[in-house]
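Okay, here's what each chain looks like letter by letter:
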Amino acid sequence: MAATTRLDGFDLHRGLIMAAMAIDHASVFIARTHTQEFWARWLSHLCAPGFALLMGVGMALLAHARGQAGWSAARVRRFFVTRGLLLIALQFLVEDPAWILGLFTTAPGAAVSHGMVPGGGSDVRIYVGVLFSLGAAMALWGLLVRAPAWLVGALGAATLLVTEWLTPGADQAATLHAPWLRLLLVPGHTNAWEVFYPVVPWLGVVAFGLLLGRAVVRDAAAAQRLAGRLALVLALLFVALRMGGGFGNLHEVPPGALGFLTVVKYPPSLAYLAMTLAVNLALMANWGRLQALARRRWQPLTAFGRSAMMFYLAHLWLYALLGLAFRGGASLAQMLAMWAVGLLMLWPLCLRWGAFKRRTPTDSIWRFF
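Being a predicted model, the structure only gives us computed values, none of them experimental.

Reading the values: rules and limits
All residue numbers refer to position in the chain's written sequence, counted from 1. Given that this is a predicted model, residues contribute local features only at a pLDDT of at least 70 and side-chain atom pairs are listed and counted only at 80 or more, while totals for whole chains, interfaces and linings are drawn from all residues. Note: side-chain values were computed over all heavy atoms of the structure, leaving out hydrogens and water. In this text, helices come from DSSP runs of H or I with a minimum length of four residues, and strands from runs of E with a minimum of two, each type numbered from the N-terminal end. A radius of gyration in this sense is built from C-alpha atoms; the matching globule rule multiplies 2.2 Å by the number of residues raised to 0.38. Whether two residues touch is decided by their heavy atoms; if any such pair falls within 4.5 Å, the residues are in contact. To measure how exposed things are, a 1.4 Å probe is used in the Shrake-Rupley method; for residues, cover is taken only from the protein chains shown. A positive count includes Lys and Arg, and a negative count includes Asp and Glu. His and the chain ends are not counted in either. Here the site of a charge means NZ on Lys, CZ on Arg, CG on Asp, or CD on Glu. Buried residues are those whose accessible area, probed at 1.4 Å on protein chains only, stays under 20% of the maximum for their type, while exposed residues exceed 50% and partly exposed ones sit between those limits. It is the directions from the helix axis to the C-beta atoms that the arc portrays. One requirement defines pairing of two strands: DSSP has to find at least two bridges between them. Multiplying one less than the number of residues by 1.5 Å gives the expected span of a helix. Between the N-to-C directions of two axes lies an angle of 0 to 180 degrees, each axis being a line fitted to C-alpha atoms and, for a helix, fitted only over the stretch in contact. Any angle between 65 and 115 degrees counts as roughly perpendicular, while under 35 counts as roughly parallel, over 145 as roughly antiparallel, and the rest as oblique. Throughout, a crossing is termed right-handed when the near helix is turned clockwise from the far one, and left-handed when it is turned anticlockwise from it by less than a right angle. The classification used treats Ala, Val, Leu, Ile, Met, Phe, Trp, Tyr, Cys and Pro as nonpolar, Asp, Glu, Lys and Arg as charged, and all other residues, Gly among them, as polar. By nonpolar core is meant a set of buried Ala, Val, Leu, Ile, Met, Phe, Trp, Tyr and Cys residues that side-chain atoms within 4.5 Å join together. When a carboxyl oxygen of Asp or Glu is within 4 Å of a side-chain nitrogen of Lys or Arg, the pair counts as a salt bridge. Patches here: salt-bridge-free residues with over 30% relative accessible area, like charges joined within 9 Å, nonpolar side chains (Val, Leu, Ile, Met, Phe, Trp, Tyr) joined within 5 Å. Any two rings among Phe, Tyr and Trp, with Trp reduced to its six-membered ring, count as a pair given centres within 6.5 Å; such a pair is stacked if its planes are under 30 degrees apart, edge-to-face if over 60, and tilted if neither.

Novice: How do you make sense of the overall build of the chain when you look at a structure like this?
Specialist: Within the chain, the secondary structure is distributed over 15 helices and four strands. Computed over its C-alpha atoms, the radius of gyration of the chain comes to 20 Å, within 12% of the 21 Å expected for a compact globule of 369 residues. Its C-alpha atoms give the chain principal-axis dimensions of roughly 55 × 45 × 40 Å. Taking as baseline every contact in the chain between residues at least 6 positions apart, the subset at least 24 positions apart corresponds to 79%. Of the roughly 16400 Å² that the chain leaves accessible, carbon and sulfur atoms contribute 69%. Here the chain carries 29 positive and 13 negative side-chain charges, and the mean point of each set is 14 Å from the other.

Here it is as structure tokens:
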């Protein structure tokens, strides 16, 4: 496959995890709880690692394509840094207001909380979510997008090991860690700052994606076979980490089958990443088989994947507005019905946005969405 050929399987893969993520957020805005069922929460676990992995792959593909189009290395770096900073701005200017709307339209006592956020302090909070983390990772790796593979791999592995070694234990859950430490490594709440996705651990996942993206550029079919083998290796690593306990888990492994699958996401433990990346790599291994499905005219997942940033921002506001009819919460069946309604509403928007982007110049700011 030529490096410039669009990988429709990539788009469908990204659209699939976007739709899965929307279940989690529909639950927050409509059911007024952070997912009601274990299966829904487990499914949503796949999303953040999938976004980070595919962002790294996409950065490698775009850097190659723009290089072939005559862009200088400095121009490519500037593109990624600018887009990364824009993602950070969108976190605070567009995403956070949607969460605030959901918070203030919830009827008193209707919200169901599952566990406390570590830390404490002020009740006024600035939420730092996945857009901040991915934006910072894009800006940082954008500066090193053409660095040697050994350097990318070494730095990526170091970020994951640092997370395991330096993350405080449960006995420090009430500690008000400094805001900069929250942003970089330790998720939780310190006065106005509430961080769920610290930057350091997610740098490693994006680095992994960058290396896979370079493999796709060299030979897409071979890269997909490699992804399949890596999926098996990570699945076995997950089992080994859970059975061994201790390092790689961040907390003790709970008893039972559900406990075995209940992993630490904030920050991402090695067990969590092994499990979720194994599934995402298995999907990547089947991009070729997904091509025909992805190219069908009536395929919403491909449309979502090709307009991923527009989908992300729009779906938050859409479910926040739909949630106005469910201020006291909703049943699982009602929430899933509204989730499906939201996807149907987002489908034509993403189709139109994708068509609009294709008409814009390659360096247009609208290509960032």
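Still more to cover.
Novice: Looking at this structure, how should I read helix H2 (residues 38-45)?
Specialist: Because an α-helix completes one turn every 3.6 residues, residues spaced three or four positions apart along the sequence face the same direction. Every buried residue belonging to H2 is among Ala40, Arg41, Ser44 and His45, and all of these are buried. Here the buried residues of H2 occupy an arc of 150° about the axis, which is enough to place them on one side.

Novice: What exactly am I supposed to notice about the sheet that holds strand S1 (residues 119-120) here?
Specialist: Strand pairing in a sheet relies on backbone hydrogen bonds, with the paired strands running either antiparallel or parallel. Pairing in this open sheet of four strands is mixed, and the strands run S1-S3-S4-S2 from one edge to the other. Every other strand in the sheet has two partners, leaving S1 and strand S2 (126-128) as the edge strands with one partner each. In terms of strand pairing, S1 meets strand S3 (residues 188-190) through two bridges, oriented parallel. Across the sheet, residue Gly119 finds its bridge partner in S3, namely His189.

Novice: Would you take a moment to explain helix H14 (residues 308-322) for this structure?
Specialist: For H14, spanning 15 residues, the distance from its first C-alpha to its last is 20 Å, which sits close to the expected 21 Å at 1.5 Å a residue. Most of H14 is tucked away: 13 of the 15 residues are buried.

Novice: Honestly, the packing of helix H8 (residues 199-218) against helix H11 (residues 270-284) in this entry has me stumped. Any pointers?
Specialist: Each pair of packed helices can be summarised by the angle the axes make with each other and by the distance between the axes. In the contact formed by H8 and H11, the axes pass within 13 Å of each other and the chain directions differ by 25°. By the criterion of interaxial angle, the relationship of H8 to H11 is roughly parallel. Considering how the two elements wind past one another, H8 and H11 form a crossing that is right-handed. Between H8 and H11, the residues in contact are Trp202, Val205, Phe208, Leu212 and Val216 and Tyr272, Leu273, Leu277, Leu281 and Met284, respectively. Residues of the contact of H8 with H11, tallied by class, amount to 10 nonpolar, no polar and no charged.

Novice: What exactly am I supposed to notice about the environment of Phe79 here?
Specialist: Following the sequence through the fold, Phe79 ends up in helix H4 (residues 73-104). Note on Phe79: relative accessible area 8%, which makes it buried. Discounting residues that sit within four places of it in the chain, Phe79 has contacts with Leu62, Trp71, Thr362 and Phe368.

Novice: Would you explain the nonpolar core in this entry?
Specialist: A general trend in soluble globular proteins is that nonpolar side chains are found buried together. Among the nonpolar cores identified, the biggest contains 112 residues, and Ile30, Trp141 and Phe311 are the most heavily contacted of them. What Ile30 contacts, discounting residues up to four positions off in sequence, is Tyr319, Leu322, Gly323, Phe326, Gly329, Ala330, Met335 and Met338.

Novice: Any chance you could explain the pattern of salt bridges here in plain terms?
Specialist: When their charged atoms lie close together, side chains carrying opposite charge are able to pair. Tallying each qualifying case throughout the model produces four salt bridges. In this structure, Asp8 and Arg295 form a salt bridge, with 2.5 Å as the shortest nitrogen-oxygen distance. With Asp8 in helix H1 (residues 8-31) and Arg295 in the loop between helix H12 (287-294) and helix H13 (300-306), this pair connects stretches of sequence that are 287 residues apart. In this structure, Arg306 engages Asp11 in a salt bridge whose closest nitrogen and oxygen atoms are separated by 3.0 Å. Of this pair, Arg306 sits in helix H13 while Asp11 sits in helix H1, placing them 295 residues apart in sequence.

Novice: Which parts of the structure should I look at to understand a nonpolar patch on the surface?
Specialist: A grouping of Leu161, Val162, Trp165, Leu166 and Phe247 is seen on the molecular surface, where their side chains present a nonpolar patch of about 490 Å² in accessible area. Note that Trp165 resides in helix H6 (residues 149-166). Classification of Trp165 as exposed rests on a relative accessible area of 59%.

Novice: It is not clear to me how the packing of aromatic side chains should be interpreted in this structure. Could you clarify?
Specialist: Working definition: an aromatic ring pair is given by the centre-to-centre distance plus the angle between the planes. Inspection of the entire model under this criterion finds 17 aromatic pairs. Geometrically, the ring pair formed by Trp298 and Trp347 is edge-to-face, given 6.0 Å between the ring centres and 90° between the ring planes. Of this pair, Trp298 sits in the loop between H12 and H13 while Trp347 sits in helix H15 (residues 332-358); the two residues are 49 residues apart in sequence, bridging distant segments of the chain. When the ring of Trp353 is compared with that of Trp366, the centres are 6.0 Å apart and the planes differ by 80°; the resulting orientation is edge-to-face. Of this pair, Trp353 sits in helix H15 while Trp366 sits in the segment after H15, placing them 13 residues apart in sequence.

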